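Overview (structure and organization)
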Amino acid sequence: MSGIANVFKKLFGLINGIRKLILNIIFFFLLIVFIALMAADEEIIVVPENAALVVQLDGTLVEEETWVDPMDRFINDAFGSSSVAPETLLSEVIESIEKAANDDRISAIYLDLSGFAGGGMNKMQRVGEALLAFRETGKPVYSYGDYFSQAQYFIAAYGDAIYLNPLGGMMFEGMGGYRLYFKDLLEKLKVSTHVFKVGAYKSAVEPYTRNDMSTEAREAGQELYDALWQDYLTTLSSQRSIAPGVLSGSISDFEALLAESNDDLAQMALNTGLVDELMTREAFRTQMINLTGLDDDERSWRSIGHHAYLKAPDLHFDREQHAEPEAQIAIVVARGMIVDGYQKQGMIGGDSTAELLRRARLDENTKAVVLRIDSPGGSGFASEVIRQEVLELQAAGIPVIASMSSVAASGGYWIAASADQIWATPTTITGSIGVFGLFFTIEDALAHVGIYSDGYHTTEMPILDMTRPLPDEAKFVLQKTTEKFYRDFVAMVAENRDMSYDEVHAVAQGRVWTGAKAQELGLVDELGDLEQAIAAAATLAGVDDYAVVTVTPELNAREQFLAEFFGQAEVYLPAPTTTRTIDPVKQQLMGVWSEVEMLSQFNDPQGLYLLCELCPQP
């Protein structure tokens, strides 16, 4: 026994020694960075003359970045790992392009799309419109790729020229998606699924009750994706002259074009007008050096990334001549799934988002509020908490405009419904006016392994205990409360949209629509993006001279210190050397995990959810 004890003692000592070594390495690494920050002067970012602005789109385009603790972010960047999927803030991309258009130091834009994963048609179109405005100044926009995904190509098409690696390729896969269905798995695990819903098209719970897509879900998906795909093709055709066969979606057309190009994907892309020239990386680098001149330090073309560019001093800005007006249009961003309580950025918390709206209301300079929504919905209770703050703003005489981004459906539509005006883009995914409840019990699974639940309770009221079967009486009560919630949803929309109950019910039942179709149906007032919504808010408020202010969550003292400290420390980190291209296997696994993770976000106190099943997570 003593020998075994000595082995474990030595093993524990080894593990403890390794732990101390790792902690010491991290400590001294942070200490060195801290000393460097204290000793160094504030680094001034210099924009090279005749430089190309590198617009680097990593991961997904988002309205609001997901919150990551500053210390975690720094350590992840330092060691080349990441706890969240990459994101690029849309507003920063637009701001950098608009600023560069009037900057004599910027001679061109290079679109770095190798790590871009998409992010909603309306967001990509906003980037495209900014690129077109930049090109009107006479400055070119270029992109180069080893391979272009569908989303990457959409952005590249707004440029002057697209270059492709001779071993690269491009094909259009269309729009749509596949879900995982768990009915048989749950039955094999002896898990009982209890569903309560209203709306023939409300198919969010289908993965837990079926092994395939219902006819209603397929019908809704077909109409939605066909409309979005047609908009994609129309926009693309307006930017480039592309052979119709490559856009037809027919595999026989694709095979014929590929055969004509000797089965060479890159040559086919050139022959069909998808790209302008096939070029090696070195040839493209040489071309850019000829355009911008040689950066002696980098031994490449003169450039500056759009993140650094926004931090560089603005030579044309005179603060004394540009005093901020007192009147403010406040923007409150609601991005992500709606859940109960306080949540960090990237998730909509009923309490936290309501607090942002309340802060805007209590600011005497706020003349109007734009609620920018990018959400597939979620908790019904949390959605109502947010909507109540919209009503409080209106009671205070402050108009509210709901501005829908890529997605504003189900709970996302609930929080928009009471606004003075609802604005959407033609490709916004909205509607999904329906309700469901979902509850699992595992009494059969426990019994299968010899575990049973028993006890005493003083009433016959339904108790949601996952270890016990759900009585029929409880199912009846839960279905009735779900139906009541749906009636309240439809009635609330009818009251705010000046429609009858039957008119709303006819376009509700969980059905999903594009923004353009939603306007036809009376669910949306106007078509336009954030800028148009802000202008409409100013008109309603009766102000001409105003500042646009985004209301953001307040950081506590610790978060503020870490954000400032590690934000400066990131300047001293070496550039990452890992590849930024998208790993298709990892992307598939993340999709599977997101299906499971969504269940952990169901925290509505009443167990009722307003969630769009066809909507992508923004």
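Coordinates for the structure precede this section.
Residues numbered from 1 in each chain as written. Predicted model: local features only at pLDDT ≥ 70, side-chain atom pairs only at ≥ 80, totals over all residues. Heavy atoms only, no water.

**Quick notes on the overall build of the protein**
Along the protein, the regular secondary structure elements total 23 helices and 25 strands. Among the 618 residues that make up the protein, the fraction classed as buried is 46%. A separation of at least 24 residues holds for 78% of the contacts in the protein among residues at least 6 apart in sequence. (Helix = DSSP H or I, 4+ residues; strand = E, 2+ residues; numbered from the N terminus. Buried < 20%, exposed > 50% of the residue type's maximum accessible area, 1.4 Å probe, protein only. Contact = heavy atoms within 4.5 Å.)

**Brief notes about helix H21 (residues 530-541)**
Counted at 1.5 Å a residue, the expected span for H21 with its 12 residues is 16 Å, and the 16 Å between its end C-alpha atoms agrees. The complete set of buried residues in H21 reads Leu-530, Ala-533, Ile-534, Ala-536, Ala-537 and Ala-538. Each element contacted by the buried residues of H21 is listed here: helix H4 (121-135), strand S13 (328-335), strand S16 (366-375), strand S18 (400-409), strand S19 (421-424) and strand S24 (547-550). Directly beyond the C-terminal end of H21, a positive phi value near 75 degrees is found at Gly-542. (Expected span 1.5 Å × (residues − 1).)

**Some remarks on the nonpolar core**
If you look at the biggest cluster of nonpolar residues, it comprises 53 residues, and the most contacted ones within it are Tyr-153 and Phe-172. Other than its neighbours up to four places away in sequence, Tyr-153 contacts Phe-148, Ile-162, Met-170, Phe-172, Leu-236, Arg-240, Ile-242, Gly-273 and Leu-274. Within the second largest apolar cluster, 49 residues are counted, among which are Ile-338, Ile-398, Ala-419 and Tyr-486. (Core = buried A, V, L, I, M, F, W, Y, C linked by side-chain atoms within 4.5 Å.)

**As for the side chain of Ser-403**
Mapped onto the fold, Ser-403 is located in strand S18. The class for Ser-403 is buried, based on a relative accessible area of 0%. Apart from residues lying up to four places away in sequence, Ser-403 is in contact with Val-370, Leu-371, Arg-372, Ile-373, Trp-423, Asp-529, Leu-530 and Ala-533.

**Points about the sheet that holds strand S5 (residues 116-118)**
Across the sheet, which stays open at both edges, the 3 strands sit in the order S3-S2-S5 with parallel pairing between neighbours. Each having just a single partner strand, strand S3 (87-89) and S5 make up the two edges of the open sheet. Between one strand and the next, the sheet's axes are offset by a mean angle of 40 degrees, whatever the strand orientation. With 2 bridges joining them, strand S2 (residues 59-62) and S5 adopt parallel strand pairing. Note on S5: the bridge partner recorded for Thr-60 is Gly-118. Running at roughly 50 degrees to S3, helix H3 (residues 90-101) makes contact with S2 and S3 of the sheet. Sheet contacts for H4: S2 and S5; angle to S2, the most-contacted strand, approximately 80 degrees. (Pairing = 2+ DSSP bridges. Axes fitted to C-alpha atoms, helices over the stretch in contact; angles between N-to-C directions.)

**Things to note about unusual backbone geometry**
Notably, Asp-263 is not glycine yet its phi reads approximately 60 degrees, a positive angle. Relative to the elements of secondary structure, Asp-263 occurs in the loop between helix H10 (251-260) and helix H11 (265-271). The phi dihedral of Ser-432 is positive, around 55 degrees, even though this residue is not glycine. Of note, Ser-432 is situated in the loop between strand S20 (429-431) and strand S21 (435-441). Exposure remark for Ser-432: the relative accessible area of 0% places this residue in the buried category.

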